[in-house]
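# Residue-level structural notes
Here is how the chains run, residue by residue.
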Amino acid sequence: MLILSIETSCDETACAVVRDGREVLSSVVASQIDIHAATGGVVPEVAAREHVLKIVPVIEEALAKAGVNWDQIEAIAVTRGPGLLSSLIIGYTAAATLAKVMGKPLIPVHHVAGHIYANWLDRVGEDVTDSAGKNIAKDDFPIVILTVSGGHNELVLMRKHAEFELLGETQDDAAGEAFDKIARLLGLGYPGGPAISKAAFKGNAEAFDFPRAMMKSGNLDFSFSGLKTAVLRVIEEEHTAKGQLSEKFIADVAASFQEAVVDVLSEKLLQAAREYQAKEVHLAGGVSANLRLREMVEQKIKKYKMEAKLHYCKNLHYCTDNAAMIGGAAYYLYSSNPAAFANSESLLPSPQLDLYQK
Ligand code: KG4
Ligand code: ZN
């Protein structure tokens, strides 16, 4: 099934063409990072205006790069939410209009379902093997997924395709939001995640002993606001004592902060994987681009002598917001229950949307 998908939930205008949830024929992302870097974050009105300018060219480019025409497209998928309403509306209106005019099904997709299904992209056929020569294209349920970005921070269980159970979530900030905030305080700019991990390479991860909240809470929830406050205090003290932040101090804070976040995320993921006897563990969302997170999860799987296979997007393009992941999720959602989309024309975009509603 050939799906054209659109994603405009935040600050990227994206369109992709994906076959059967795995084969990406094209994935175009018009990023607004340079625009929002000037303000240190996304200004919704500015983002929406950019989407208006970019949406048609991005759709045309995705079709051209895929080398397909409208007759070959079998359905149109789009992010319905969560996200910034003024951004969602642009992509959603484009998708709903195209679906109506072309007489094709409209498949509205939850943004987090998209992030989760990014892990199936580019895994075509049954001949995909990992570095150890193990076949990784066959799906092995149950799967436990850690999905973390600027807006969400969750542990999800999948017992089969297109069904998601929430195991735990953040009680306050998402880890990506903490990365962005600390990067701003350290003067590293926007977006914070890549900037912190770059600075952290030169730092000492043991320089500061930052708190690992809820590590032993017994449940699968997270909290990052205490960590944010602890890092803020250390930065303020340094400002007061020295008047400025040295490169070494910035690198040490970045490395110690990253280590604390990644320690908690990986520990909780593997706790959930053990509890639910996961055959696969997945990393998803913008923060899954973090190399130290990937490395630590791999190390802990070995340390705890677990059998579960680890998946994350080798291609960093699919970790952060893109439309291919929406096309991937749409395929599995639609093929598992096409009737559920019979009246999707009556749906509207929604800034808050529940993925786990029964
Ligand atoms: O999924 P995404 O593109 O957008 C949302 O849905 O929010 O995720 C963006 C988030 C940002 O908070 C960004 O700082 C974080 O993902 N991020 C990272 C890295 N790359 C992006 N966080 C840590 N390490 C990275 N390498
Ligand atoms: Zn996202």
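Whatever comes next refers back to the structure up there.
So, how was this worked out
- Residues numbered from 1 in each chain as written.
- Chains lettered and ligands numbered in written order.
- Predicted model: local features only at pLDDT ≥ 70, side-chain atom pairs only at ≥ 80, totals over all residues.
- Heavy atoms only, no water.
- Helix = DSSP H or I, 4+ residues; strand = E, 2+ residues; numbered from the N terminus.
- Rg over C-alpha atoms; globule rule 2.2 N^0.38 Å.
- Buried < 20%, exposed > 50% of the residue type's maximum accessible area, 1.4 Å probe, protein only.
- Contact = heavy atoms within 4.5 Å.
- Areas by Shrake-Rupley, 256 points an atom, 1.4 Å probe, with all protein chains shown as cover.
- Lys, Arg positive; Asp, Glu negative; His and termini not counted.
- Charge placed at Lys NZ, Arg CZ, Asp CG, Glu CD.
- Salt bridge = Lys/Arg side-chain N within 4 Å of Asp/Glu carboxyl O.
- Near = heavy atom within 4 Å.
- Polar contact = N/O pair within 3.5 Å; in protein donor to acceptor, adjacent residues only side chain to side chain.
- Nonpolar A, V, L, I, M, F, W, Y, C, P; charged D, E, K, R; others polar.

### Looking at the overall build of the chain
A count of helical and extended segments in the chain gives 10 helices and 10 strands. Against the compact-globule benchmark of 21 Å for 358 residues, the chain has a radius of gyration of 20 Å, which places it among compact chains. Projected onto its principal axes, the C-alpha coordinates of the chain cover approximately 65 × 45 × 35 Å. For the chain, with 358 residues in total, the buried portion stands at 54%. Relative to all contacts within the chain whose residues are 6 or more apart in sequence, the contacts with residues 24 or more apart total 72%. As presented, the chain carries roughly 15,700 Å² of accessible surface, and 52% of it is formed by carbon and sulfur atoms. The average position of the 35 basic charges and that of the 45 acidic charges among the side chains of the chain differ by 4 Å.

### Overview of the pattern of salt bridges
What the rule picks out here adds up to 19 salt bridges. The residue arginine 123 makes a salt bridge to aspartate 139 at a minimum N-O spacing of 3.7 Å. Pair noted here: arginine 123 is in the loop between helix H4 (111-117) and strand E6 (143-148) and aspartate 139 is in the loop between H4 and E6, with a separation of 16 residues, a long-range link. Summarising the burial analysis for this pair, arginine 123 and aspartate 139 share the class buried. Linking lysine 248 and aspartate 252 is a salt bridge whose minimum nitrogen-to-oxygen distance equals 2.7 Å. Separated by 4 residues within a single helix, lysine 248 and aspartate 252 lie in helix H8 (residues 247-275), roughly one turn from each other. Owing to a relative accessible area of 59%, lysine 248 belongs among the exposed residues under this scheme. For aspartate 252, a relative accessible area of 9% puts it in the buried group. Bridged by salt links that share partners, the residues Arg212, Asp263, Glu267 and Lys300 form one connected network.

### Here's the deal with the site of ligand 1
Neighbouring residues of ligand 1: 18 residues in total, closest His115, Asp180, Gly193, Asn290 and Asp321. At a separation of 3.1 Å, an oxygen atom of ligand 1 approaches a polar backbone atom of glycine 150. The contact in question runs from an oxygen atom of ligand 1 to an N or O atom on the backbone of glycine 176, over 3.1 Å. Considered on its own, ligand 1 offers 550 Å² of accessible surface; in the complex 87% of this is hidden by protein. The set of elements that each furnish at least two residues to the shell around ligand 1 consists of H4, helix H5 (175-185) and helix H6 (192-200). Each residue belonging to the shell around ligand 1 can be placed in one class, and the counts come to 4 nonpolar, 12 polar and 2 charged.

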